[in-house]
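Spelled out, the chains give:
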Amino acid sequence: MAQLLSGKEVSEDIRQKIKSEIEHLQKRYPAFKPGLAIVQVGGREDSNVYIGQKVKNAAVVGVDARHVKLPNTATQQEILEAVQRLNEDPAVHGIIVQLPLDTTNQVDTHLVTNAIRPEKDVDGLHQENAGKLARGDLADCIIPCTPRGCLELISRTGVDVAGKTAVVLGRSKIVGAPMSNLLTWNHATVTVCHSKTVNLPDIVRTADILVVAIGKSQMVKKDWVKPGAVVIDCGINSIPESDYCEEMDEDATKKSGKRLVGDVDFDEVKTVASWITPVPGGVGPMTVAMLLKNTLEQAKRALNTVLESSTWRLTPLELKLKTPVPSDIDIAQAQTPKFINKLADEVNLLPEEVDLYGKKKAKVSLSVLDRLSAQPDGKYIVVTGITPTPLGEGKSTTTIGLTQAIGAHLRRNVFACVRQPSQGPTFGIKGGAAGGGYSQVIPMEEFNLHLTGDIHAITAANNLLAAQIDARMFHEATQTDEALYKRLVPESKGKRAFSKIQFRRLKKLGIDKTDPNSLTPEEVKKFVRLDFDQATITWQRVMDTNDRFLRSITIGQGPQEKGKTRQCQFDITVASEIMAILALTTSLQDMRERLGNMVVASSKEGVPITADDLGVSGALTVLMKDAIRPNLMQTLEGTPVFVHAGPFANIAHGNSSILADKIALKLVGENGFVVTEAGFGADIGMEKFFDIKCRYSGLVPNAVVLVATIRALKMHGGGPTVVAGVPLPKEYVEENLELLEKGFSNLQKQTENANKFGVPVVVAINGFATDTQTKEGAGPKVLGPGKKDWGKAVHLDQHNPDRLGMAQSGQVSQMFSNGFSKKQ
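Predicted model only: the values in this text are computed from it and were never measured. Position numbers for residues start from 1 in each chain and track the written sequence from start to end. Totals for whole chains, interfaces and linings use all residues, but because this is a predicted model, local features are given only for residues with pLDDT of at least 70 and pairs of side-chain atoms are given and counted only at 80 or more. Here the side-chain values reflect all heavy atoms present in the structure, with hydrogen atoms and water set aside.

Q: Mind laying out the sheet that holds strand β2 (residues 35–41), listing which residues take part and the relevant values?
A: Through backbone hydrogen bonds, the strands of a sheet pair up, either in parallel or in antiparallel fashion. Here, a strand pair is defined by DSSP locating no fewer than two bridges between the strands. Helix and strand definitions follow DSSP, with helices as H or I runs of at least four residues and strands as E runs of at least two, each counted in order from the N terminus. If you trace the 3 strands from one edge of the open sheet to the other, you get β3-β2-β4, paired in parallel fashion. Taken across any chain shown, the strands that pair with only one partner, and hence form the sheet edges, are β3 (64–70) and β4 (94–97). Taking each pair of neighbouring strands and ignoring which way they run, the sheet shows an average axis angle of 20 degrees. Relative to β3, β2 runs parallel, the two sharing 7 bridges. Bridge pairing in β3 links Q40 to K69. Axes, fitted as lines to C-alpha atoms, cover a helix only where it is in contact. Angles between the N-to-C directions of the axes lie from 0 to 180 degrees.

Right, dumping it as structure tokens:
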């Protein structure tokens, strides 16, 4: 008499182990939560029962099961879109589509199941998983639930599969075919039988292990079975009619008044087999248990991906150095950048986190911060310069050169985070801001011009607000309170209702009413009248071009403006407060609040007027919804760069975005580096980095790289005036230690300022061909060898490729140990 192989008991044991493992992982990683999504089309009652059992079992073990229900009118495209949304959801680790699909439309089921990403295909039905199973890549595929449950039941008997003769009766894609593959790669000798098999009972009788999934009730009889065989019955049949789920329990069978049987005649076969599974209560419960196990395993893989996300597969680009050094544009155009999706993959960004803008630039989703929330931040370095001179100090060049040295030569994870340049300076004397020589962001033209349109978005948002200001003043000057109120709160289908943003204004005014018709005339007047004092308007129109003839203009001269003219001006786009907000914001909601709080003027009573008062902050946020995401580019040597935001330091804080820095710090991991640049000199850009950016972001820098040049130091030492476009005076091209040593006072003061923030300083001398060893050695002499914050000069000459030697010189390695290993 056969021993009963109870799927109920084994599945309960498996569920308890799953629950314990989830609880154990959650103690170490509190955010860990396996997620399963079950897509159902239509409302078949048997499908509802199956799904209900899966959701119930998932809840017991701690798996977050999500039931995605689509109507039976759903089209194939709508089903595919639902699957794709789940593919892109990092909280979902497993997806199944409940079959059969109950739809009135023609749907390719094979196409739908193959739309699930292989790594989320916890049913194991994707052709990639099926192919890997067929060729024996068991460790690299997801095994279908029922075959995996059958193998587990076989293993519980203590029978060693290796060397046994196995027969699989049935060749379905869900059970029979994968079952035969699974037994084969566990070293059984397998025969697959089907409806065309000749002498079927004789072949079945050879089996030491018999798995039956043929779909015919009680087909396998006693005389078909080899004495002592292990019999696994995957069938589920209702006698005399109706289909019932193999996952149903006995209570469901009793309530129906019908008997459920398998494909094996249980009462007969149990007298000859050594082990046999019952129906129900055999394979059915195992299918659900293995679904949960597959989901847990994929959640663990996702967790490991996060934990290992600091392991990059970066392939540097080779620099082809030339002497004499070509122009910046020639160097940039001679290098062939990687496709940006390749770079994104190398730094472990997921496809759904990257929106391509062509082949060389991309937007990166803020969802990276959620996915990598458990990842420790990397080391945070800010590059700044001594007080600026017309000669330039080379902060951008040093920023890019340092990251190239760390990433391409020392092979450490590193991100550069730089500001997006304005087209004003780009088309002016200053030029672009991509770096220089062999230390540049590429493609240079993309970087310096439109990029992904962030500055244009700021222009549109800024000017929308400016237009709203003048439109509001016009309407207030030409309409009664009641007429204006009807425009602001119009009737729709006989009803009036305040919008969400209008409730914010009512709250600000202290009016605690929700019915627009209940406001008194005095309250209506307060609501509709902002009562601008034109002399206090600070909000100007902007454009990203230096156009001197727009610095002072008169608007409102058209006949329809009824003489409502006023003097105003155009500023450059990067001077807009919206640019400063973009650089400081931490989320879309945070941006919405900041935009709403912008003060554009005061009323005649001195009350500040905000963008929220004008009802435009939601529209501004919509215009900025894409601009909030950092832009991914690369250096000449193929290391990653975030280009995001570009506020000026003299009117704002002069730093790239907090979001770019935060995402980069997560991507590089604990042992990586993020090099960000502070605009203008250390006395403005660096101090605003500490006082404003770091306070808002909560990030703590590990070091300051203070950039100087020999020529700029001479100018601070009293050297002659430099005029753009005129050859340099001889003092700057010949050795002059007296001027140099006097100029070190500026460098010394900036170093002291940085040290006051508790951050170590590494001085980077951006070298030129005219520099001499005597000049270079003057720094330690003047600053004093005992200064703990003085590092040996790092030479990075954008005009001399032989001096792009930071990686080989060991200076970067010194920086790693100079306070970088711990927060200051």
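Q: Which residues make up the nonpolar core, and what values do they have?
A: Residue types Ala, Val, Leu, Ile, Met, Phe, Trp, Tyr and Cys, when buried and joined through side-chain atoms within 4.5 Å, form a set referred to as a nonpolar core. For every residue, the accessible area (1.4 Å probe, protein chains only) is compared with the maximum for its type, and the residue is labelled buried under 20%, exposed over 50%, or partly exposed between those bounds. Core analysis: the biggest nonpolar cluster contains 83 residues, and F532 and F642 have the highest contact counts within it. If you tally residues by element for this core, the top one is helix α18 (residues 454–478), at 8 residues. When residues no more than four places from it in sequence are discounted, the contact partners of F642 are V364, F415, A416, C417, V418, P630, N631, L632, A660, I663, A664 and L667. Counting residues in each nonpolar core, the second largest holds 48 residues, with I14, C234, L296 and L303 among its members. Contacts were defined at the residue level, with two residues in contact if any of their heavy atoms lie within 4.5 Å.

Q: Mind laying out the pattern of salt bridges, listing which residues take part and the relevant values?
A: Definition used for salt bridges: Asp or Glu carboxyl oxygen within 4 Å of a side-chain nitrogen of Lys or Arg. Taken as a whole and judged by the stated rule, the model has 41 salt bridges. Close ionic contact of R66 with D89 constitutes a salt bridge, the shortest N to O distance being 3.0 Å. A residue pair is termed long-range when its members are at least 10 positions apart, and R66 in strand β3 and D89 in the loop between α3 (76–87) and β4 qualify at 23 residues. Between D470 and R566 there is a salt bridge, and its shortest N-O distance comes to 2.6 Å. Taken together, the positions of D470 in helix α18 and R566 in strand β22 (residues 566–568) put the pair 96 residues apart, joining distant regions of the chain. Accessibility assignment for this pair places D470 and R566 in one class, buried. Connected through shared salt-bridge partners, D13, K17, E152 and R156 make up one network.

Q: Got a sec to walk through unusual backbone geometry? Specific residues and values, please.
A: P100 follows L99 through a cis peptide bond whose omega is 0 degrees. The topology assignment puts P100 in the loop between β4 and α4 (109–115). Put simply, I442 and P443 share a cis peptide bond, and its omega is -5 degrees. Relative to the elements of secondary structure, P443 occurs in the loop between β17 (439–442) and α17 (444–448). Phi at H187 is positive, roughly 75 degrees, even though this residue is not glycine. With phi around 55 degrees, F680 is a residue other than glycine that occupies positive phi space. Relative to the helices and strands, F680 is located in the loop between β28 (673–677) and α26 (682–697).

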